Amino acid sequence: MEDLLERLGSHLVWRIGKAESEELLVVRVGLASATSEFSQLSRLRNASDEEMEQLVQAGQVRVEWVN
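Residues numbered from 1 in each chain as written. Predicted model: local features only at pLDDT ≥ 70, side-chain atom pairs only at ≥ 80, totals over all residues. Heavy atoms only, no water.

## Examining the sheet that holds strand β4 (residues 61-66)
(1) Moving on: Within the open sheet, the four strands sit side by side as β3-β1-β2-β4. Their pairing is mixed. A single partner strand is all that each edge strand has here, and the edge strands are β3 (44-45) and β4.
(2) Moving on: Note that strand β1 (residues 12-19) and β3 share two bridges and pair antiparallel. Note on β3: the bridge partner recorded for A19 is L44. (Pairing = 2+ DSSP bridges. Helix = DSSP H or I, 4+ residues; strand = E, 2+ residues; numbered from the N terminus.)

## A look at the environment of F38
(1) Moving on: Along the chain, F38 falls in helix α2 (residues 35-38).
(2) Moving on: F38 sits in the buried class, given a relative accessible area of 10%.
(3) Moving on: Setting aside residues no more than four positions away along its own chain, F38 makes contact with V13, W14, R15, R28, V29, G30 and V66. (Buried < 20%, exposed > 50% of the residue type's maximum accessible area, 1.4 Å probe, protein only. Contact = heavy atoms within 4.5 Å.)

## Examining the side chain of K18
(1) Moving on: Structurally, K18 can be placed in strand β1.
(2) Moving on: At a separation of 3.4 Å, a polar atom in the side chain of K18 contacts the side chain of E23.
(3) Moving on: One polar contact links K18 to E51, side chain to side chain, over a distance of 3.3 Å.
(4) Moving on: In this structure, K18 is in contact with E23, L24, R43, L44, R45, N46, A47, E51 and L55, ignoring residues within four places of it in sequence. (Polar contact = N/O pair within 3.5 Å; in protein donor to acceptor, adjacent residues only side chain to side chain.)

In structure tokens:
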């Protein structure tokens, strides 16, 4: 399984940031072939490492699959 995940990882694209309208860390993941779809989604704001850690500890995280 670890080998499969490692091979798949080279085909993934991701974006991480804060949602514009809420205090939420958003992790967007998709295949490299879906890169153009990322630009059609709402923008994510930059977040410092400290902000991301606080949001994760508070359970304020959403993972989105982009395809």
